Protein chains: 4
Amino acid sequence: MSRLEHCIAEPVVHREHFRDVDDDRPRLECGVCGVWGAEPDAGSAIVALGLHALQHRGQEACGIASVHEARFYTERHMGLVGEAFGGADLPRRMPGSAAVGHTRYSTAGGSFLRNIQPMFADLDQGGIAIAHNGNLTNFKYLHSQLVSEGAIFQSTSDSEVILHLIARSRKAKIVDRFIDAIGRIEGGYALVCQTRSKMIGARDPLGIRPLVLGRLGDAWVLASETCALDTIGAEFVRDVENGEVVVIDHDGLRSEKPFPQKAARPCLFEYVYFSRPDSILDGKSVYEVRKRMGRQLAREHAVEADVVVPVPDSGVPAALGYAQESGIPYEMGIIRSHYLGRTFIQPSQGARQKGVRMKHSPNKAVLAGKRVVLIDDSIVRGTTSVKLVRAVRAAGAAEVHLRSASPPILYPDFYGIDMPERDQLIAANQSLEEMRAYLEVDSLGFLSVDGLYGALEAGPRDPDNPQYTDHYFTGEYPTRLLDREIEEGGRQEANRQLSLLVSA
Amino acid sequence: MSRLEHCIAEPVVHREHFRDVDDDRPRLECGVCGVWGAEPDAGSAIVALGLHALQHRGQEACGIASVHEARFYTERHMGLVGEAFGGADLPRRMPGSAAVGHTRYSTAGGSFLRNIQPMFADLDQGGIAIAHNGNLTNFKYLHSQLVSEGAIFQSTSDSEVILHLIARSRKAKIVDRFIDAIGRIEGGYALVCQTRSKMIGARDPLGIRPLVLGRLGDAWVLASETCALDTIGAEFVRDVENGEVVVIDHDGLRSEKPFPQKAARPCLFEYVYFSRPDSILDGKSVYEVRKRMGRQLAREHAVEADVVVPVPDSGVPAALGYAQESGIPYEMGIIRSHYLGRTFIQPSQGARQKGVRMKHSPNKAVLAGKRVVLIDDSIVRGTTSVKLVRAVRAAGAAEVHLRSASPPILYPDFYGIDMPERDQLIAANQSLEEMRAYLEVDSLGFLSVDGLYGALEAGPRDPDNPQYTDHYFTGEYPTRLLDREIEEGGRQEANRQLSLLVSA
Amino acid sequence: MSRLEHCIAEPVVHREHFRDVDDDRPRLECGVCGVWGAEPDAGSAIVALGLHALQHRGQEACGIASVHEARFYTERHMGLVGEAFGGADLPRRMPGSAAVGHTRYSTAGGSFLRNIQPMFADLDQGGIAIAHNGNLTNFKYLHSQLVSEGAIFQSTSDSEVILHLIARSRKAKIVDRFIDAIGRIEGGYALVCQTRSKMIGARDPLGIRPLVLGRLGDAWVLASETCALDTIGAEFVRDVENGEVVVIDHDGLRSEKPFPQKAARPCLFEYVYFSRPDSILDGKSVYEVRKRMGRQLAREHAVEADVVVPVPDSGVPAALGYAQESGIPYEMGIIRSHYLGRTFIQPSQGARQKGVRMKHSPNKAVLAGKRVVLIDDSIVRGTTSVKLVRAVRAAGAAEVHLRSASPPILYPDFYGIDMPERDQLIAANQSLEEMRAYLEVDSLGFLSVDGLYGALEAGPRDPDNPQYTDHYFTGEYPTRLLDREIEEGGRQEANRQLSLLVSA
Amino acid sequence: MSRLEHCIAEPVVHREHFRDVDDDRPRLECGVCGVWGAEPDAGSAIVALGLHALQHRGQEACGIASVHEARFYTERHMGLVGEAFGGADLPRRMPGSAAVGHTRYSTAGGSFLRNIQPMFADLDQGGIAIAHNGNLTNFKYLHSQLVSEGAIFQSTSDSEVILHLIARSRKAKIVDRFIDAIGRIEGGYALVCQTRSKMIGARDPLGIRPLVLGRLGDAWVLASETCALDTIGAEFVRDVENGEVVVIDHDGLRSEKPFPQKAARPCLFEYVYFSRPDSILDGKSVYEVRKRMGRQLAREHAVEADVVVPVPDSGVPAALGYAQESGIPYEMGIIRSHYLGRTFIQPSQGARQKGVRMKHSPNKAVLAGKRVVLIDDSIVRGTTSVKLVRAVRAAGAAEVHLRSASPPILYPDFYGIDMPERDQLIAANQSLEEMRAYLEVDSLGFLSVDGLYGALEAGPRDPDNPQYTDHYFTGEYPTRLLDREIEEGGRQEANRQLSLLVSA
């Protein structure tokens, strides 16, 4: 009950890792990792390693909460995991054999420290720290309800809603309170929590967001992807299942499925772009899936050409697949800089017209005079692609044939992917020929939805019960979108009243 | 004469970019870039872009000096170019249409701010700022002489020796003083200087270090590599020649060759490792040279295998060449993390034994059960290689055949490459079979020196007048090593006296 | 309802103002200041000035919340007001014509950012920011009750309890919720709150902590002391009365006394030490009261001596009074350094024995050979006094007669004064003669309690209804001490059960 | 000869201590302190204590150089001594039993790190660190000569000139080089140097700047004032004499007077304002001198009044003297804030007209209705005084009689005092009556020059050989002003040529 249970030391490091503004790829908000039962005081360092391996899922901020003798130690930083948690003093700063961590990319402008996870609350039953990857589709609804009941929020993050639901549950035991809380939330989520004595993991009813279970000696590990297990040195045990809650404590691991079971429907974008190529997701190698996407793309959109060139790094596996299937040589026609920072100012008009190439540099020796097949993982706004295409042409390419290893992106996401609104999605607003002209390419091709399902070896898409979450391609959202309905309801109601007013 | 000629504003940013301690690749100390005659106040931003493109040549620190109306503006920072000089306020902070910049990796422990370049001096003739890539082989000799004449050094950098030689020259004009000064230094160097009204570039008599000339509209650009010209948007004009001094001012460009001409002898390691693959060095595409090195390696050291896997990123072109020549499929069997920071502490003994894989992650889906040809650009100490090999085996590889795209490294460098002492160079201390056993591989092969010359399309090595600087492979240093001779002379003299003493 | 109502920008400045460890004076936790109705965007800068004038009430941290068009702007910093809020960009950073601020010294180790005030909550009725000087005597009781009801605390500060009580009140209007909340708290407090449209001020039922009301043109100002009004340039209107709630909005000022009225009983220590000498407290000049304390002290404890020397700066007015009454010359025998920082390490044993005098330096020219009357405002632990006495003797004083301008401190405080526990209060543990010997003085005298009441021109102390809060001298606490009773009850209960166990 | 002799670690702390812009008091540039022969590794901490005691002589920046086994450790910081050198790790960071330090206030905009002292040079004879209080009157002349000989300056500080002169001396021994160097400089200076094995102190030929010698056990201490000795715990030995060089090493202390002896002529402003009141300067207590100045002021400028009020803190001793001589009671009518920071912005026009009182707050209870004698140490521009007078009147004073404890300041200084140009000195541009009217006082009086000499018990001023440096009052500069002559010569020459041109 003591107020000393929670030791916060947040040497707020404002060292931001800047996003390249030219980069319009979709972004995921988070990676999560937890460990329970590690060697004494090794918890935070293991989680730090895991978060480092998940850094591709979010580079803006990171945090860890460790538990030692029922006391919690929290640190949340702006910037990269290695800078925040790489120090040798970590076990002293954050003792304990259990810890949970989070790395995030923030969508809504609010990149303030208090939005960084893990979030912590000091309940009657003791402290709880929670790390959350995903997005709730009824966040605003729940938030407004909680505030009207007197809850005071310290962040604008949807994860805090879960904490308040736990704090206000009438159940006596912490696990029951947790289940009570997730029974009220909707959306896609992978959660890892630490209480004084337990680690709890949970995946949303459709398994939209991934979560895997591993063992490191006697310890248990939860992480967003298997690459974190590999980096930690843990053995992969299994994926946490959709709708499953796992509770780990001194009695071992216990699995609960408290809600009616549904068929799994994981997010396709994890395969297309988010997950690291060396991860194994729900039993499938991301690298091999991407190579098969490239092979299928070659079959769907063949072209006479001299070289296959990936947009590095995410386009590399599909380009290898395309090259192997087509027999056209694979070459590194675009070099990616490893030293990205904030966008540089452009020194003069002259330079701007020639294009300032910061992240990707065309390799003239490969491109000059060649017919180039350019392979990208996806095309969102098209703004990055057109710059790349121009750079490839400026380096002397005779022809440029652009191929997208994913189907056209037509609809926004509400499950944790930072994607632009519909009116900014190029494929939602232009015909194929319009896009080809806009992108200034000789030909343009997208992988088909069924081709993508094929690359996943999932058979063709089942229109009644799609095997994957694929709304960005199809418009079929896997869950209700309560916040959106309310918002649109409000807008419709306003419109209705306005028309009454006008007609009056 | 006014002391206000030089405005220094050094908001010392101690944001270090940490080196991966597991990484034992050789490192170059510097990249240099200068511009003269740009649009008003665009000088510093152009140089910042150029330095960003040269960031691979040094990530520890960077600096820029701009000149505006005969006044100099200097900033020197720890950390990356983008963080230090990416801001939109740069033209205001550092005005002028001329600027010179430097990015460095520091060898000798001294990574203090005062060793960061450009170095500046306020001469009778006005200020001069100097950026230097390379290393002087008579630095200690000159330094000691200058101190005995009353010179006060503000750094421990060999570049400051050049400044003092210029300051003390009896010549009246600044260009004559500069030539006077470089007439006394020995070693490998590429220099870019700014005076109140001129930009001066110089390359050492053998052209060991590279330097290229470009134009951006009416402005002139000097840079270590052509990739900087590409990023800036400048046209490549030509390489500065060995032993050439170029002077740029309102009368245009003037070339001088003040010393007896020698045959050029550029450093091979620029092709093997340092230069960016999209650079064109003395007329040769680095990427194509590396691919030919890989092809030749395949011819010299063929093996039955299932996949060719590069050590990313520097091993990629050679691996592509090897794969194309051998017909064995090229695969991304090792994933490189883009989020490197300081080395993480290792959380527990258990984890350590499994190996903490931070920079390179094996891709199980590619490696499991396969006979792997692993292509690296070079092998220095061998410590990194053995860890990689173990990781590849742990991921299930059936066989590992390691191939080095450069010949065995046998001798240290004194021209600006940060390489370990001879007793730490694995190839200088072990036989091929010993190395193979140490590296735990099934077979091991190095490219031959003549193979390397062949990849450069330079014909076989001419033993009397080698076409390239190649002492790390051959022991044949291209210049006198005065400091070393004095040091060894001192040691021998000490030994001689000691032996007299003992025998007495 | 929008979550964008609150803009937090906390560029966490960890620039601590270190406390002199040798200094054992009591400390107050806070100063508060608010303004409503100022010129556009002038609110934050006015409050900054006011907090600067109240800096003596707390130097560890400070914060301001301004309100502009129903949106709140909060900044909380470690360090001094001038460093945090002195910048010319403040009106831009924190716009609005209303603001509230707080400066604090933290008692409990927890000097974390999240304990800095003003505290903010986003209620159904809009945001509310609260600044609180004082201490609740039923904090732990309320905190524990709120947590059991599901409240999540973001700080360990008692001020947050008030926020939660407001948030959970069933009343509809914000002022009613506020009154509801303060009806449940006990202790000493001065509160200043800003809502979207109102400023609310409140003083505890006994007026233990001070709060004054002023006008600056058309604007209203609330502040802990009149010196803040003077610095701002505001006119003093009146003291807020004990038990009074003032509500200021577009309809002007409204006063409420929602609870049964009691006689006022302000804290004596405000006169003895806390308030600035130029403040007028409940109608009395602090400077004049202190001078009368010195005069009375001269009457109660006269002595033959050559000089009267104050312990600067707090002892100066009493020393002047003592000198004027006794006719002994007043001299600056001790010089106070204005440049205090963290305690310096003591370079050697030799230096330590001679005493490291950092804050107070004896002035030999005044002290040598003299009989010195040394006047301090109070004596708490005695540890500082003994060092000063030794320094005065080392400077050559023939005799040292120590006089305390306050009565002996015998009991701890629970209303916001940071004072040591009873076992560390010298007067609570030693006789007068023991103290005299411990303090190494020739004579020692304390002002009497009735002498102190006399200096306040309040007549003699009324033992039935004391006119002032004076428990530190008398042990008579003005309110119930619920937390303490529970704590002691728990201890007694534990002892009772233990004795049962033992007797069993 | 090794380059490792000098270990610089400058964790550049940009924590500036801001000057109150309203404060127009003159400022001294520096305080110096050195110790030799202290306990192992205690040198830097002793010097830190000494610098802390000298903090009133300069608050902008500070630096220490310690010597340990012929190696130098230098740190230079922006900000206060306590913040920079208060840490317990100082002996580890800066080992050695000898050290020298410096605290500075910078006049010329250039407050850059490289101007902070001690300055260091690595000579043939080993390192030398130098701390300098004062100003050279032939700095520009020497600087220009040295640059033309090839010297490269790293700062714009005149102290570096001395280093270059030492480095270029043809003498063999370091002490002879030092004497060689100071033989060429002119002006006012107190110097403390550390070499590998010696500490050297020197005071200019007239003893304009002070320097005292003390002992701390077996160690020797040099410092600007005795208050530093007191704080360190060292015994005062004697003042270093004008024109004296003291050399301290393992053979003890040796005194040299290498140049023709002149009569001493210390700076009067040390007594008027700079030195701390508890310092003993050339045998005279600064506090007692100031009190006598106040007494004499009362005799020279008596007035009927109710209270004597000092402008704290520097006016306090003179006000006490005035009060004792006149019999008018001394009262703290102005309260000085201890929490100064950068000047606050003024929130509104209304507030500005009322005057924003940040540093000095009038104490209404003392001033209302009273005839006030206001005592200040000196009047420079008069801008501060007029604000204070208005504040005192606003607090209700019936009459204000301003008294300056120094004579009118008529001429600028060139020996290290930061004073405005002549055209900004109020007394140089207005008659007494004009000043009285400008300052809005009822009467105004300045101490006479002879009265000041009297307070120093030096007899009347000897017009042929003034006993003190007093040019700010008299215009009689004690040394040649070479830089000024050259500058004016240049201006005259330009004017002459211009008139020729015009007349042609």
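Here the structure is a predicted model, which is why all the values come from computation and not from measurement. (Residues numbered from 1 in each chain as written. Chains lettered and ligands numbered in written order. Predicted model: local features only at pLDDT ≥ 70, side-chain atom pairs only at ≥ 80, totals over all residues.)

A word on the nonpolar core
Val-308, Ala-319 and Val-372 of chain C together with Val-308, Ala-319 and Val-372 of chain D are the most contacted members of the largest nonpolar core, which totals 142 residues. Apart from residues no more than four positions distant in its own chain, Val-308 of chain D is found in contact with Ala-319, Tyr-322, Ala-323, Ser-326, Ile-328, Pro-329, Tyr-330, Val-373 and Ile-375 of chain D. Counting 141 residues, the second-largest nonpolar core is a separate cluster that includes Leu-320 and Tyr-322 of chain A together with Phe-269 and Leu-456 of chain B. (Core = buried A, V, L, I, M, F, W, Y, C linked by C-beta atoms within 7 Å. Buried ≥ 20, exposed ≤ 12 C-beta atoms within 10 Å, placed from the backbone. Contact = placed C-beta atoms within 7 Å.)

What about the sheet that holds strand β8 (residues 126-136) of chain C?
Residues and elements named next belong to chain C. Strand order in the open sheet formed by six strands is β7-β8-β9-β10-β14-β15, with antiparallel pairing between adjacent strands. Of all the strands in the sheet, the pair left with one neighbour each is β7 (119-123) and β15 (252-256). Between one strand and the next, the sheet's axes are offset by a mean angle of 20°, whatever the strand orientation. In terms of strand pairing, β7 meets β8 through five bridges, oriented antiparallel. Residue pairing across strands places Ala-121 opposite Ile-128, the latter belonging to β8. Contacts from helix α5 (residues 158-168) reach β7 and β8, with the element oriented near 135° to β8. (Pairing = 2+ DSSP bridges. Helix = DSSP H or I, 4+ residues; strand = E, 2+ residues; numbered from the N terminus. Axes fitted to C-alpha atoms, helices over the stretch in contact; angles between N-to-C directions.)

Points about the sheet that holds strand β14 (residues 245-249) of chain D
Residue and element names in this part refer to chain D. Spatial ordering of the open sheet is given by β7-β8-β9-β10-β14-β15, a layout of six strands whose pairing is antiparallel. Sheet topology places β7 (119-123) and β15 (252-256) at the edges, where each strand pairs with a single neighbour. Neighbour-to-neighbour, the strand axes of the sheet open up by a mean angle of 20°, direction not taken into account. Two elements, strand β10 (residues 199-203) and β14, share four bridges in a ladder whose sense is antiparallel. By the bridge assignment for β14, Met-199 is matched with Ile-248. Strands in contact with helix α6 (residues 174-182) are β8 (126-136), β9 (187-195), β10 and β14; relative to β10, the strand with the most contacts, it is inclined by about 20°.

Thoughts on helix α4 (residues 139-148) of chain B
All names here are of chain B. What α4 keeps buried is the set Phe-139, Leu-142, His-143 and Val-147. Projected down its long axis, α4 carries its buried residues within an arc of 130°, all on one side. Two residues or fewer past α4, Gly-150 is found with a positive phi of approximately 100°. (Arc of directions from axis to C-beta.)

As for the pairing of strand β11 (residues 212-216) of chain B
Residues and elements named next belong to chain B. With respect to burial, β11 is a largely interior element, four of its five residues being buried. With five bridges connecting them, β11 and strand β12 (residues 219-223) associate as antiparallel partners. Along β12, the bridge assignment pairs Gly-214 with Val-221. In this structure, the hairpin formed by β11 and β12 is closed by a connection of two residues, where Gly-217 is found at a positive phi of approximately 60°.

Description of the confidence of the model for chain A
As a note on interpretation, predicted positions should not be read in detail where pLDDT is low. Residues and elements named next belong to chain A. Averaged over all residues, the pLDDT of chain A equals 88, while 88% of them reach at least 70. Counted against residues more than four places away or in other chains, residues 1-23, with its pLDDT under 50, gives 53 contacts. In the model, residues 107-111 has pLDDT below 50 throughout and makes eight contacts with residues more than four positions away in sequence or in other chains. For this predicted complex, the interface confidence comes out at an ipTM of 0.88, alongside a pTM of 0.86. (pLDDT = per-residue confidence, 0-100.)

Thoughts on the packing of helix α4 (residues 139-148) of chain C against α5 of chain C
Residue and element names in this part refer to chain C. Taken N-terminus to C-terminus, the directions of α4 and α5 make an angle of 50°; their axes are 10 Å apart at the nearest point. Considering their axes alone, α4 and α5 lie oblique with respect to each other. Where α4 crosses over α5, the handedness of that crossing is left-handed. On the side of α4, the interface is formed by Phe-139, Leu-142, His-143 and Leu-146, while α5 contributes Asp-158, Val-161 and His-164. Partitioning the contact of α4 with α5 into residue classes produces four nonpolar, two polar and one charged. (Parallel < 35°, antiparallel > 145°, perpendicular 65-115°, else oblique. Left-handed = near helix turned anticlockwise from the far one by under 90°. Nonpolar A, V, L, I, M, F, W, Y, C, P; charged D, E, K, R; others polar.)

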